[in-house]
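Structure at a glance
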Amino acid sequence: MKTDKMKTPQETAALLRQRMAAGVLSFPLTSFTGSGELDPAAFRAYFRTQLAADPAAVFVACGTGEFFSLTLDEYTEVVRIAVEETADRIPVIAGVGYGWAIAAQYAARAAEAGADGALLMPHYLVKAPVDGLVEQVRKVAESSPLPLIAYQRDYVTFDAASVGLLAKIPNVIGLKDGHGDLDQLQRLRLAAPEDFLFFNGVATAEMQARAYSAIGIPAYSSAVHAFAPEISKAFFTALHADDQSRVDELLRGFYQPFVELRDRRAGYAVALVKAAARLRDLPVGPVRAPLCDPAPEELTTLKALLATGLDLV
């Protein structure tokens, strides 16, 4: 656990905004053994490779980190290792989720482990009206001292009025968007206070990064950073230098075919990322059920695509 004074939500938001202008948001994988057990030593070694690439912030035990399959104790261990390894150099945001009562338990563990904030992922099972979605965020926020970022995707969708209400909750600092509906997102951004954080969190976010940037949301998460930070950083550099030909080259040569492979099967937004990490000899192990690792022929395609992407950079 960190021993320094916890930052205020406003301080954390300001730090994230500063960091997001200089790099991508990393969503590390969680390492498992061949039999599916959490592998803390392997995760620590893998996490160090993520830090070496200097991401803007790390979001641990989130979707890419298979939060949905972690026990509370496993989750606590993952967050604790991330906090130890970052040593307060960059923000550590931990995923929380399910119903608000369970999400509050995860948020409490994240705070005890020293996380700088929490990402509230979509709740479990039921569709709900927008008033209930706001109340879900409010209850988690009120249960924890951590700054909280709401995450809209699947059947969680906020409207302009509800984002205004979210922004009034003292420790809610931002919104991660996983829908990719730019018209709706522009409305949310215009309804929110100027210091409210927004970032692009669609699967393989680089594919829509230019469009998000055009409406004033340049920050994005990068699943590719989890296995090929060289490619991820090259894209970020080109995008922020407004080098459109280089952006097109990377999209055409790597990102678009990667997305086409990703879309072949449900769950590949995580399973394919983890398979690519294994191809680079990163100690992450297999995915846990209900996800499935890619088929052998898909691994062959992925290996060739990864080589092409690395050649490009």
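Preceding block: the structure.
The notes below deal with the structure included here. (Residues numbered from 1 in each chain as written. Predicted model: local features only at pLDDT ≥ 70, side-chain atom pairs only at ≥ 80, totals over all residues. Heavy atoms only, no water.)

This brings us to the pairing of strand β7 (residues 197–200). Along any regular strand the residues' side chains alternate between the sheet's two faces. Both faces of β7 are covered, namely the face carrying L197 and F199 and the face carrying F198 and N200. As judged from the four bridges shared by strand β6 (residues 172–177) and β7, these two strands associate in the parallel manner. Residue G174 lies in a different strand from β7, and its bridge partner there is L197. Each parallel crossover has a hand, and for β6 linked through helix α7 (residues 182–191) to β7 it is right-handed. (Buried < 20%, exposed > 50% of the residue type's maximum accessible area, 1.4 Å probe, protein only. Helix = DSSP H or I, 4+ residues; strand = E, 2+ residues; numbered from the N terminus. Pairing = 2+ DSSP bridges. Right-handed = clockwise from strand over helix to strand, strands pointing away.)

With that out of the way, let us pick up the nonpolar core. Within the largest apolar cluster, 110 residues are counted, with the highest numbers of intra-cluster contacts made by F59, Y75, F158 and F227. For this core, the leading source of residues is helix α11 (residues 268–279), giving eight residues. (Core = buried A, V, L, I, M, F, W, Y, C linked by side-chain atoms within 4.5 Å.)

With that settled, the discussion passes to the layout of surface pockets. Once rolled over the atoms, a probe with the size of a water molecule shows which space is left empty. Reported here for the largest pocket is a volume of approximately 900 Å³. Lining the largest pocket are 35 residues, and of these G63, F68, Y151, R153 and D154 sit closest to its centre. Elements with a contribution of two residues or more to the lining of the largest pocket: β8 (221–222), α10 (244–262) and α11. Sort the elements by how many residues they give to the lining of the largest pocket and α11 lands first, with three residues. The computed volume of the second largest pocket comes to approximately 290 Å³. Taken together, 15 residues make up the lining of the second largest pocket; nearest its centre are R17, F196, F198, G216 and P218. Contributions of two or more residues to the lining of the second largest pocket are made by α1 (9–20) and β7. (1 Å grid on protein atoms, 1.4 Å probe; cavity = no way out; pocket = protein on both sides within 12 Å on 5 of 7 lines; lining within 4 Å. Points joined across faces, edges and corners; volume = space filled by probe spheres on them.)

Here we take up the packing of aromatic side chains. What describes a pair of aromatic rings is the distance from one ring centre to the other and the angle between the planes of the rings. Within the structure shown, the criterion is met by 15 aromatic pairs. Here F43 and F47 contribute two aromatic rings whose centre-to-centre distance is 5.6 Å and whose plane-to-plane angle is 40 degrees, an arrangement assigned as tilted. Here the residue F43 and the residue F47 both occupy positions in helix α2 (residues 40–52), the gap between them amounting to four residues, near one helical turn. F47 carries the same exposure label as F43, and that label is buried. Through a chain of ring-to-ring contacts, the aromatic side chains of Y220, F227, F235, F236, F254, Y255 and F258 assemble into a single cluster. Across from the ring centre of W100, 4.7 Å away, lies the NZ or CZ of K139, which sits over that ring. Here K176 stacks its cationic end above the ring of Y151, 4.2 Å away from the centre of that ring. (Phe/Tyr/Trp six-rings, centres within 6.5 Å; stacked < 30°, edge-to-face > 60°. Lys NZ or Arg CZ within 6 Å of the ring centre and 35° of its normal.)

Moving on: the pattern of salt bridges. Applying the stated criterion across every chain, the model contains 17 salt bridges. E230 is the salt-bridge partner of R280, the closest N and O atoms lying 2.8 Å from each other. In this pair, R280 sits in the loop between α11 and α12 (296–312) while E230 sits in helix α9 (residues 229–240), placing the two residues 50 residues apart along the sequence. A relative accessible area of 28% means that R280 is categorised as partly exposed. (Salt bridge = Lys/Arg side-chain N within 4 Å of Asp/Glu carboxyl O.)

Moving on, we come to the packing of helix α5 (residues 130–143) against helix α6 (residues 160–168). How two helices sit against one another is set out by the angle between their axes and by the gap between those axes. Across the interface, α5 lies against α6 with an axial gap of 10 Å and an inter-helix angle of 15 degrees. Comparing their axes, α6 and α5 come out roughly parallel. In this structure, α5 crosses over α6, and the sense of that crossing is right-handed. Along its contact with α5, which presents V130, V134 and V137, the element α6 presents S162, L165 and L166. Here the residues of the contact of α5 with α6 are counted per class, giving five nonpolar, one polar and no charged. (Axes fitted to C-alpha atoms, helices over the stretch in contact; angles between N-to-C directions. Parallel < 35°, antiparallel > 145°, perpendicular 65-115°, else oblique. Left-handed = near helix turned anticlockwise from the far one by under 90°. Contact = heavy atoms within 4.5 Å. Nonpolar A, V, L, I, M, F, W, Y, C, P; charged D, E, K, R; others polar.)

Moving on: empty space enclosed by the protein. Counted by the stated rule, this structure contains one cavity of 30 Å³ or more. The calculated volume of the largest cavity comes to roughly 90 Å³. Around the largest cavity sit L120, M121, P122, H123, L133, Q136, V137, A150, Y151, V156 and F158, which together line it. Counting residues per element, the ones that place at least two in the lining of the largest cavity are α5 and β5 (148–152). Considering each element in turn, the lining of the largest cavity owes the most residues, three residues, to α5. Considering only residue class, the lining of the largest cavity consists of nine nonpolar, two polar and no charged.

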